[in-house]
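# Fold and contact review
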Amino acid sequence: MNKNTNNNCILVVNSGSMTTRVALFSEGSEICSQELLHPQEVLAKAGGVLEQLPIRRKAVEDFLEKNGVSSLLAVAARGVPLKPMKAGTYLIDEALIGELKALRVATAHVSILSSLIGWEIAVRYGVKAYFTDPISVDEFIPEARMTGRPEIERKSLWHALNCRAVLRRCCEEHGFDVAKTNFIAVHLGSGITIACFEKGRAIDVCNANSESPFSPERSGTLPFQGLVEFCFDSGLSKKELLTLLQKQSGFIALLGTNDLREVERRVAAGDKKAGEVYSAFIYNIAKSIGSYAPVVNGKLDGIIFTGAMAKSSRLISMISDKVSFLGKIFVYPGQYEMEALAYGTWQVATGLKEALRYEV
C-alpha cells in the first residue's frame, strides 16, 4: 500500500467469535482486508471477552504494521449491543469506553472488542473512532413494542448494520428513493432477522435471538406453554437454557449440523429427515415474511434477501416461490458490514454528517 495515502484511510475493525476482520478503505473503496484468526485454545486460555482484548489488538496492530500504515483518517468499529438507540454513526468516547469495560451492555458480545480495539488504535494515531448502526437500533412504532404481558416488551435487536446497508444499496442500484419506499429485508445467517422498513425506518423487526424463524443455531419462536414446561423440567440454569436455545438449536438440534450446504447435500441425497427440516425451514421463513406485510398495509416495493445463506440459489428460489406475490425480489448474498462501517465513518469524518453521541 502506498504510504502517502495513509491519511485518507479508514481502518475497519469487526470482531467475531474466533476472528477479527480488518480492512482499510479510502474514499469508499477497499484497499486491503484480512480475516485475523484467533485459535479457540488461545481465546479460552485468555478467559472472558475483555481478557481477549490484548490478543486481538496486537493482531490488528500487526496488520497495520504489515501494510505500512503510519496515519489514518479515522477508525470504524462494529457496533455494540447497548440500550435502544437511533440509527446512525456514533462517536466512541471515554464515557462509552467506560460503559464497555464495565460490561454495562445488553449482552457481553464479542463485538464489544471492536470498539475497544478501535478506540485504543484511534488514540494511538491521534484520530477518532466511530461505530454505525449497532444491533440495538430501535425505530419501533408503539404497536410493535406491546405484548399481552405488561412486564414483557418486544425488543429491537437485529442485524441493523447489514439490513440498512443492503436497503441503501438496493435503492441506489434500482432507482428507489429510500424515503418513499417500503421494503422487507431478510438477513439469513446463524440468526435470522426480518425487518419491515417504512420509508427507510425499520418500524418492526423480529428479534433474531428470540422470536424469528428457527435458524442453523437458534430455536426461533416457540409455543410458550411448551417452552415454560421445558424450562421447568429441564433442570438447566437460565444461562444454560439461553445457550441451548440461541446456540444449540435449529439445524444443530434437528440435524446435528449448522451448515446449510450440508443440509442441502443431504436433501439432494434423499435424506427424508433433512428434507422435512428444510421444508419446515422455508415454510417458517416465508410465513414470517408474510406476517410483516400488514405492517405497511401490504404496500411493499420489494423483499431483499441478504446474509450468508442468501448465497444458496435453491433456498432463495423456494422462499421466493411463496412470497414473491408480495413484491419484487432482490438478492444481496453475504454481508456488507465492512463497507457499511467504512461508509458511515467516512460520512462523519469528512463532515457530510454529524456524529451522534451515546448518552450514558
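Below is a summary of the structure that appears in this document. Here the structure is a predicted model, which means the values were calculated and not measured. (Residues numbered from 1 in each chain as written. Predicted model: local features only at pLDDT ≥ 70, side-chain atom pairs only at ≥ 80, totals over all residues. Heavy atoms only, no water.)

### As for the packing of helix α10 (residues 260-268) against helix α11 (residues 272-292)
It is at 8 Å that the axes of α10 and α11 come closest, and there the two elements cross at 125°. The angle between α10 and α11 places the two elements in the oblique class. Crossing angle aside, the handedness with which α10 passes α11 is left-handed. For the pair formed by α10 and α11, the contact residues are Leu260, Val263, Glu264, Arg266 and Val267 on the first element and Ala274, Gly275, Tyr278 and Phe281 on the second. In the contact of α10 with α11, the residues fall into six nonpolar, one polar and two charged. (Axes fitted to C-alpha atoms, helices over the stretch in contact; angles between N-to-C directions. Helix = DSSP H or I, 4+ residues; strand = E, 2+ residues; numbered from the N terminus. Parallel < 35°, antiparallel > 145°, perpendicular 65-115°, else oblique. Left-handed = near helix turned anticlockwise from the far one by under 90°. Contact = heavy atoms within 4.5 Å. Nonpolar A, V, L, I, M, F, W, Y, C, P; charged D, E, K, R; others polar.)

### Considerations on the nonpolar core
In globular proteins that are soluble, nonpolar side chains generally tend to be buried together. Residues Leu11, Leu24, Leu72, Val75, Leu82, Leu100 and Ile121 are the most contacted members of the largest nonpolar core, which totals 37 residues. Every element with two or more residues in this core is listed here: β1 (9-15), β2 (19-26), β3 (29-37), α2 (53-66), β4 (74-77), α3 (94-101), α4 (112-125) and β6 (129-132). Take this core: its biggest share by element is seven residues, from α4. Aside from chain neighbours lying at most four places away, what touches Leu11 is Ala23, Leu24, Val60, Phe63, Leu64, Leu72, Ala74, Val75, Ala76 and Ile121. Within the second largest apolar cluster, 35 residues are counted, among which are Cys196, Cys206, Ala293 and Val296. (Core = buried A, V, L, I, M, F, W, Y, C linked by side-chain atoms within 4.5 Å. Buried < 20%, exposed > 50% of the residue type's maximum accessible area, 1.4 Å probe, protein only.)

### Quick notes on the sheet that holds strand β10 (residues 302-307)
In spatial order, the strands read β9-β8-β7-β10-β11; together these five strands make up an open sheet with mixed pairing. On the outer flanks of this sheet lie β9 (201-205) and β11 (328-333), each paired with one strand and no other. The average angle at which neighbouring strand axes cross in this sheet is 25°, direction not considered. Where strand β7 (residues 182-188) and strand β8 (residues 192-198) come together, seven bridges link them in antiparallel fashion. Pairing of Val186 across the sheet is with Ile194, part of β8. Seen against the sheet, α11 touches β7, β8, β9 and β10 and runs at an angle of roughly 20° to β8. In this fold helix α12 (residues 313-323) packs onto β7, β10 and β11, with an angle of close to 155° to the strand it touches most, β10. (Pairing = 2+ DSSP bridges.)

### Thoughts on the pairing of β9
Of all five residues in β9, four are buried; the element is thus mostly enclosed. Where β8 meets β9, four bridges bridge the pair, whose relative direction is antiparallel. What sits directly across from Cys196, in β9, is Asp204.

### Focus on the pairing of β2
Buried residues dominate β2, accounting for seven of its eight residues. Here β1 pairs with β2 via seven bridges, running antiparallel. If you follow Val12 over to β2, its bridge partner there is Ala23. Linking two consecutive strands that pair antiparallel, namely β1 and β2, is a turn of three residues.

### Observations concerning the packing of helix α7 (residues 224-234) against helix α8 (residues 238-247)
At their nearest, the axes of α7 and α8 sit 11 Å apart, and the two run at 130° to each other. Classified by the angle between their axes, α7 and α8 sit oblique to one another. Between α7 and α8 lies a crossing of right-handed hand. Across the interface between the two elements, Leu227, Phe230, Cys231 and Ser234 of α7 pack against Leu241, Leu244 and Leu245 of α8. Considered class by class, the residues forming the contact of α7 with α8 number six nonpolar, one polar and no charged.

### Here we look at the pattern of salt bridges
In a structure, side chains of opposite charge can pair up when their charged atoms sit close to one another. Inspection of the entire model under this criterion finds 16 salt bridges. Glu337 is the partner of Arg21 in a salt bridge, and the nearest nitrogen-oxygen pair spans 3.0 Å. Highlighted residues: Arg21 in strand β2 and Glu337 in helix α13 (residues 337-349), separated in sequence by 316 residues. For Glu262, the salt bridge identified is with Arg265, shortest N-O distance 3.1 Å. Taken together, the positions of Glu262 and Arg265, both in helix α10 and three residues apart, correspond to about one turn of that helix. Note on Glu262: relative accessible area 24%, which makes it partly exposed. Taken together, the salt bridges that share partners define one network made up of Arg57, Glu61, Glu120 and Arg124. (Salt bridge = Lys/Arg side-chain N within 4 Å of Asp/Glu carboxyl O.)

### Comments concerning the packing of aromatic side chains
Both the distance between ring centres and the angle between the ring planes are used here to describe each pair of aromatic rings. Enumeration according to the criterion identifies nine aromatic pairs in this entry. Between Phe176 and Phe330 the ring centres are 6.0 Å apart and the planes differ by 90°, which places this aromatic pair in the edge-to-face class. Residue Phe176 is located in the loop between α6 (160-174) and β7, and its partner Phe330 is located in strand β11; the two are separated by 154 residues in the primary sequence. Given the relative accessible area of 5%, Phe330 is considered buried. Three or more aromatic residues joined by ring pairs make a cluster, and in this case those are Phe176, Phe183 and Phe330. (Phe/Tyr/Trp six-rings, centres within 6.5 Å; stacked < 30°, edge-to-face > 60°.)

### Quick look at a nonpolar patch on the surface
On the surface, a nonpolar cluster with roughly 400 Å² of combined accessible area is contributed by Phe224, Val228 and Phe232. Locating Phe224 in the fold gives a position in helix α7. (Patch = residues over 30% accessible without salt bridge, like charges linked within 9 Å, V, L, I, M, F, W, Y side chains within 5 Å. Areas by Shrake-Rupley, 256 points an atom, 1.4 Å probe, with all protein chains shown as cover.)

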